[in-house]
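The lines below spell out each chain.
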Amino acid sequence: MASTHSIDPRALSDPRNHYPTDAEFYASDRPAHPVLPEDRPRGGPSERIRHPWTWSSVALIVFFFLIVFMGIALFP
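The shown structure was predicted, so the numbers you read here are calculated from the model rather than taken from an experiment. (Residues numbered from 1 in each chain as written. Predicted model: local features only at pLDDT ≥ 70, side-chain atom pairs only at ≥ 80, totals over all residues. Heavy atoms only, no water.)

Which parts of the structure should I look at to understand the overall build of the protein?
Along the protein, the regular secondary structure elements total 2 helices and 0 strands. By the burial criterion, 1% of the 76 residues in the protein qualify as buried. Surface exposure of the protein reaches about 8,200 Å², of which carbon and sulfur atoms provide 64%. (Helix = DSSP H or I, 4+ residues; strand = E, 2+ residues; numbered from the N terminus. Buried < 20%, exposed > 50% of the residue type's maximum accessible area, 1.4 Å probe, protein only. Areas by Shrake-Rupley, 256 points an atom, 1.4 Å probe, with all protein chains shown as cover.)

As structure tokens, this is what we get:
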């Protein structure tokens, strides 16, 4: 008798070597009705995508680089 789990044929009668089939294994933890309600309706309007950077943070970074470049230019 061929085994799909590479078990020694002499140990096939051992009750510890019982392996469920794939259908039994994957069906063991599924609910009775596995279809879930849709959490995001398809179609319709979506929210506008907002960039995480604000104008104040962009201005702060530009100001920092401006100070660095002015320091390099004025004090070589």
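What's the story with the packing of aromatic side chains in this structure? I'm lost.
Centre distance and the angle of the planes are the two values used to describe a pair of aromatic rings. Under the definition given, this model contains 2 aromatic pairs. Measuring from centroid to centroid gives 5.6 Å for Phe64 and Phe65, while their planes differ by 70°, and the two rings are edge-to-face. Owing to a relative accessible area of 52%, Phe64 belongs among the exposed residues under this scheme. Taken together, the ring pairs in this structure connect Phe64, Phe65 and Phe69 into an aromatic cluster. (Phe/Tyr/Trp six-rings, centres within 6.5 Å; stacked < 30°, edge-to-face > 60°.)

Teacher, can you tell me more about the pattern of salt bridges here?
Per the counting criterion, the structure on display carries 1 salt bridge. Asp14 is the partner of Arg16 in a salt bridge, and the nearest nitrogen-oxygen pair spans 2.7 Å. For Arg16, a relative accessible area of 70% puts it in the exposed group. When its relative accessible area of 23% is taken as the criterion, Asp14 is described as partly exposed. (Salt bridge = Lys/Arg side-chain N within 4 Å of Asp/Glu carboxyl O.)

How should a nonpolar patch on the surface be read in this particular structure?
Where nonpolar side chains cluster on the molecular surface, the patch consists of Trp53, Trp55, Val58, Ile61, Val62, Phe64, Phe65, Val68, Phe69 and Ile72 and spans about 1,100 Å² of accessible area. If you trace the backbone, Val62 turns up in helix H2 (residues 55–74). In this structure Val62 comes out as exposed when scored by relative accessible area, which is 52%. (Patch = residues over 30% accessible without salt bridge, like charges linked within 9 Å, V, L, I, M, F, W, Y side chains within 5 Å.)

Explain H2 to me, please; I cannot follow it from the model alone.
One turn of the α-helix equals 3.6 residues, which is why residues spaced by three or four share an orientation. Counted at 1.5 Å a residue, the expected span for H2 with its 20 residues is 28 Å, and the 28 Å between its end C-alpha atoms agrees. The buried fraction of H2 amounts to 0 of the 20 residues, a small share that puts the element mostly on the outside. (Expected span 1.5 Å × (residues − 1).)

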